[in-house]
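Chain by chain, the residues:
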Amino acid sequence: MDNEADVFYRELPKVELHAHLNGSVSCHTIEKLISRKPHLNIEHGMTAIGKGQRRTLEECFQVFKVIHQLVDSEEDILMVATDVIREFAADGVKYLELRSTPREERNTGLTKKRYVETVIKAIKQCKSEGVDIDVRFLVAIDRRNGTEVAMETVKLAEELMLSTDGLVVGLDLSGDPTVGHGKDLLSALQRAKNCGLKLSLHLSELEESDLLLNLPPDRIGHGTFLHPEVGGSQSLVDKVVTNNIPLELCLTSNVKGQTVPCYSKHHFKYWYQMGHPSIICTDDKGVFSTDLSQEYQLAASTFGLSREDVWKLSLQAIDCIFAADTVKQQLKLKWAAIKPQVFK
């Protein structure tokens with residue numbers, strides 16, 4: 001991505017709102033992890049999906065299992081999180097919300113609380129080093145782990161929201177959509193909402209969407225099957241529109257994970273043409289071998305967006321962040337200051 005058009009997308013200030021920590025690990029960081037753990041016999045092809053490759057959703061989740069084997073100590077998490085933050089910053093991302101499921105690893109003594117605290121440590125470390133990016137964290141509930149773990153996760157997120165000075169801002173619901181049912185997690189999600197945590201839910205990979213939209217969430221991850229043409233319904237669309245719930249849209253992730261057939265048929269077009277808040281995101285920049293500049297460029301070339309359209313798309317994403325309004329104002333000033341340079 002080095003010709004003139006590409007420089008525009010790199011220099012474009014960007015907001016990333018849907019990035020799973022372990023899925024965002026670059027091949028450079030994977031190399032460092034592999035060299036630390038040669039006994040695992042893990043090769044590169046097991047941790048990323050290259051250009052032109054496709055995987056089923058199930059195979060994508062297998063890739064995560066491999067990455068989790070490589071990232072199982074506080075030392076690993078600190079390195080991974082600082083690398084990921086620096087890479088997003090190098091790609092022109094000025095505000096980032098990372099998300100991850102707190103894990104415990106008995107063999108390394110890692111606890112769920114230490115897991116999140118180590119990510120927070122990485123965020124603070126990057127800030128103290130002057131990396132030009134504002135980073136926040138969403139604690140993720142993995143739907144595969146059931147009701148009890150979901151409630152524990154919410155309590156941990158509540159505690160950290162109060163103790164991290166605004167760095168933990170919300171909760172993510174993710175994990176294999178074919179496992180478990182949203183109704184079992186409603187009470188945990190409702191509790192999170194009541195205590196002031198923002199909610200971003202992976203939705204509409206299945207029919208429980210109707211139920212979860214009643215909460216309602218503050219943002220929707222993917223929203224692949226919401227509208228009638230792809231097996232959703234007008235009533236689902238109406239709920240999303242009425243509540244003005246922004247969508248986090250991840251083009252390459254959906255194409256490579258085969259939840260949409262090709263870029264031109266991505267539901268970005270449906271929501272964007274409707275004027276609904278739509279945020280371009282990467283999902284898993286490491287696993288899907290992409291970055292946010294490429295995703296913006298793909299959206300522009302696929303759907304015929306002008307540079308001014310792309311700028312507006314990036315600017316509008318600021319209104320969808322989970323940090324406080326004062327942060328939104330600061331970011332808008334930053335965008336205004338950067339604009340002449342980007343359009344030079």
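**Student:** Explanation requested: the pattern of salt bridges in the structure shown.
**Tutor:** When the charged atoms of two side chains lie near each other, side chains of opposite charge can form a pair. For the coordinates displayed, the defined rule picks out 31 salt bridges. For Lys32, the salt bridge is made with Asp83, and the minimal N-O distance between the two is 2.8 Å. With Lys32 in helix H2 (residues 27-36) and Asp83 in helix H4 (residues 74-90), the pair connects residues that are 51 residues apart, well separated along the chain. On the basis of relative accessible area, Asp83 is assigned to the buried category, the value being 9%. Linking Lys328 and Asp325 is a salt bridge whose minimum nitrogen-to-oxygen distance equals 3.5 Å. In this pair, Lys328 and Asp325 are both assigned in helix H14 (residues 325-342), three residues apart and thus about one turn of the helix distant. The exposure class of Lys328 is buried, given its relative accessible area of 15%. One connected set of salt bridges, linked through shared partners, spans Arg36, Lys37, Asp72, Glu75 and Asp76.

**Student:** Sorry if this is basic, but what is going on with the packing of aromatic side chains here?
**Tutor:** Ring pairs (aromatic) are described by centroid distance and by the angle formed between their planes. Summed over all chains, the structure comprises six aromatic pairs. Plain terms: the ring middles of Phe268 and Tyr272 are 5.0 Å apart, the flat faces sit at 15 degrees to each other, and that makes the pair stacked. Of the two residues, Phe268 and Tyr272 are both situated in helix H11 (residues 268-273); the distance of four residues between them amounts to about one turn of the helix. The exposure class of Tyr272 is partly exposed, given its relative accessible area of 26%. With centroids separated by 5.7 Å and ring planes inclined at 65 degrees, the aromatic side chains of Trp311 and Phe343 adopt a geometry described as edge-to-face. Taken together, the residues Trp311 in helix H13 (residues 307-316) and Phe343 in the segment after H14 connect sequence positions 32 residues apart. With relative accessibility at 4%, the residue Trp311 sits in the buried group.

**Student:** Is there a simple way to think about unusual backbone geometry in this case?
**Tutor:** As a rule of thumb, non-glycine residues mostly have phi less than zero, and peptide bonds are mostly trans rather than cis. The residue after Leu215, namely Pro216, is reached through a cis peptide bond having omega -20 degrees. Here Pro216 shows up in the loop between helix H8 (209-213) and strand E6 (219-222). Phi is positive for Asp283, which is not a glycine, with a value near 75 degrees. Within the secondary structure, Asp283 sits in the loop between strand E8 (278-280) and helix H12 (292-303). The exposure class assigned to Asp283 is buried, which follows from its relative accessible area of 5%.

Conventions we followed
- Residues numbered from 1 in each chain as written.
- Predicted model: local features only at pLDDT ≥ 70, side-chain atom pairs only at ≥ 80, totals over all residues.
- Heavy atoms only, no water.
- Salt bridge = Lys/Arg side-chain N within 4 Å of Asp/Glu carboxyl O.
- Helix = DSSP H or I, 4+ residues; strand = E, 2+ residues; numbered from the N terminus.
- Buried < 20%, exposed > 50% of the residue type's maximum accessible area, 1.4 Å probe, protein only.
- Phe/Tyr/Trp six-rings, centres within 6.5 Å; stacked < 30°, edge-to-face > 60°.

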